[in-house]
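Coordinate inspection notes
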Amino acid sequence: MPSTVSSIWYVDAPDPVAVLRAHPGPDPEAAWALARQLNPDRDVVPAASGTMKVWAGPDPESVYIGCYPGVTVVCSTQAALPRPTKLPELLVRPLASEHTFLISYDLSLGWGAFAHWERGEFRRSFSATRVNILEDAGLPLVWERPYWAGEHPIDLAPGELPDPQLLPFDPPDFADAANAIWLGFRYRGGVSVDTEPQGPPPDIEMTMPDGEPIDLDAPPPDRTPLRPEEIEVCGFSLFPKGEAPEPEAPPETQVEHNGRRGLFSWLRGRDRVS
């Protein structure tokens, strides 16, 4: 499981997991274009790519992006915000997406955060360490109730005494639960019963491209837990303007022997890390 996560998801699809399963390889050209769009003051150069298991929490000089039909994820330190509402406007809705979801945590700090924007309008955010709430804005959502009710307490180490200000839940788990609800998978393991994937927040009506409402009560598709190592992303290194090595030609899509698109064939001479 990733020990740190700093991700922003731009979602139009009603079932993100179904999209990620149906399209095992992201669009590298779209990813490169978005990386340049989100970093206008930097030179952006393709780098080692792989999966969310490794690259969900990148270093400040890197960004990892997966562009899928109706689902795009950006992994960047810009998402690791103590106050998610301070997310730069450029990152809130760069793709005119229906929903923007921020999910971040750091296990070593016991910190977790999440936020949601609908069509660029802020809806909900939360950020906290185990003993300090840094931000709690917008209306709490229904799925949060078991956490505030103490049904998911923090697992203390043997002999560790609880702090009087200890929250009734572990903030990284809380952020991961938001990811399960909104995106249909957990960074830290399978989806539990009380956080069964629901797609977009239940109080939001989603529609198909033709305008027809989506039946949220319809039988769900395959809900086998998706794992971070199954979600591929394209990596990019960020350099100060004018200091990057000579960029390579735009990526080409090829078909590899296993039938999957050759996402990494354009990164000749660079390593793929899963």
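For every chain, the first residue of the written sequence is number 1, and numbering continues from 1 along that sequence. Local features in this predicted model are restricted to residues whose pLDDT is 70 or higher, and side-chain atom pairs enter the listing and the counts only when it is 80 or higher, whereas totals over whole chains, interfaces and linings include all residues. Excluded from the side-chain calculations are hydrogens and water; all other atoms, namely the structure's heavy atoms, are used.

1. Quick notes on the side chain of Ser-76
Every helix listed is a DSSP run of H or I at least four residues long, and every strand listed is a run of E at least two residues long, numbered separately from the N terminus. Within the element layout of this structure, Ser-76 appears in the loop between strand S4 (71–75) and helix H4 (89–92). Relative accessibility under 20% of the residue-type maximum defines a buried residue, over 50% an exposed one, and the middle range a partly exposed one, all with a 1.4 Å probe and only protein chains included. Relative accessible area serves as the criterion here: at 7%, Ser-76 is assigned to the buried category.

2. As for the packing of aromatic side chains
Note on aromatic pairs: the rings of Phe, Tyr and Trp (six-membered ring only in Trp) are paired at centre separations within 6.5 Å, and the planes decide the class, stacked below 30 degrees, edge-to-face beyond 60, tilted for the rest. By the definition in use, this model includes 21 aromatic pairs. With a centroid separation of 5.2 Å and an interplanar angle of 80°, the aromatic rings of Phe-114 and Phe-174 are classed as edge-to-face. With Phe-114 in strand S6 (residues 111–118) and Phe-174 in helix H6 (residues 171–183), the pair connects residues that are 60 residues apart, well separated along the chain. Here the two residues Phe-114 and Phe-174 agree in accessibility, since each one is buried.

3. Some remarks on unusual backbone geometry
Even without glycine at this site, Ala-96 takes up a positive phi of about 55°. As for its placement among the helices and strands, Ala-96 is situated in the loop between H4 and strand S5 (99–106). Residue class for Ala-96 comes out exposed when judged on its relative accessible area of 52%. In the Ramachandran plot, Arg-119 falls in the positive-phi region, its phi being about 50° despite a non-glycine side chain. Considering the arrangement of structural elements, one finds Arg-119 in the loop between S6 and strand S7 (121–128).

4. Quick notes on the nonpolar core
Nine residue types can take part in a nonpolar core, namely buried Ala, Val, Leu, Ile, Met, Phe, Trp, Tyr and Cys, and a core is a set of them joined through side-chain atoms within 4.5 Å. One finds Trp-9, Met-52, Phe-114, Trp-143, Trp-182, Tyr-187 and Ile-231 to be the most contacted residues of the largest nonpolar core, which totals 37 residues. For this core, the elements supplying multiple residues, two or more each, are strand S1 (4–11), helix H1 (16–22), helix H3 (52–55), strand S3 (62–68), S4, S5, S7 and H6. When residues in this core are grouped by element, the largest group, six residues, is from H6. Residue contacts for Tyr-187: discarding those within four places in its chain leaves Met-1, Pro-2, Val-5, Ser-7, Trp-9, Met-52, Ala-56, Ile-103, Tyr-105, Asp-176, Asn-179 and Pro-228. If you look at the next biggest cluster of nonpolar residues, it comprises 23 residues, including Ile-8, Ile-65, Leu-81 and Trp-117. Whether two residues are in contact is decided by their heavy atoms: any pair within 4.5 Å suffices.

5. Re the pattern of salt bridges
Only one rule defines a salt bridge in this text: a Lys or Arg side-chain nitrogen within 4 Å of an Asp or Glu carboxyl oxygen. Scanning the entire structure with this criterion turns up twelve salt bridges. Note that Arg-119 is salt-bridged to Glu-98, the shortest N-O span being 2.6 Å. With Arg-119 in the loop between S6 and S7 and Glu-98 in the loop between H4 and S5, this residue pair connects regions lying 21 residues apart in the sequence. The class for Arg-119 is partly exposed, based on a relative accessible area of 43%. Notably, a salt bridge pairs Arg-188 with Asp-173, separated by 2.3 Å at the nearest N-O pair.

6. Here we look at the state of the cysteines
Defined by distance alone, a disulfide is two cysteine sulfur atoms within 2.5 Å. All told, the structure shown has zero disulfides when counted by the stated rule. Sulfur of Cys-67: no disulfide; nearest cysteine sulfur belongs to Cys-234 and is 7.3 Å away. Given the relative accessible area of 10%, Cys-67 is considered buried.

7. Thoughts on the pairing of S6
Among the eight residues of S6, eight are classified as buried, and the element is accordingly described as predominantly covered. Neither face of S6 is open: one carries Trp-111, Ala-113, Ala-115 and Trp-117, the other Gly-112, Phe-114, His-116 and Glu-118, and all of them are buried. Note that S5 and S6 share eight bridges and pair antiparallel. Each residue of the ladder has a partner; that of Leu-102, found in S6, is Ala-115. Between any two strands, pairing holds if DSSP finds at least two bridges. The antiparallel pairing of S5 with S6 creates a hairpin that spans four residues between the two strands, and Gly-110 there sits at a positive phi of about 65°. Across seven bridges, the pairing between S6 and S7 is antiparallel. Paired with Gly-112 across the strands is Ala-128, a residue of S7. Between S6 and S7, which pair antiparallel and follow one another directly, the connecting turn spans two residues, one of which, Arg-119, has a positive phi of 50°.

8. Some words on the environment of Asp-170
Examined against the element boundaries, Asp-170 turns out to sit in the loop between helix H5 (145–148) and H6. If sequence neighbours within four positions are ignored, Asp-170 has contacts with Gly-110, Arg-130, His-152 and Ile-154. Any pair of N or O atoms that falls within 3.5 Å is considered a polar contact. Within protein, one atom must be able to donate a hydrogen and the other to accept it, and sequence-neighbouring residues count only if both atoms are side-chain atoms. For Asp-170, the side chain forms a polar contact with the side chain of Arg-130, separated by 3.2 Å.

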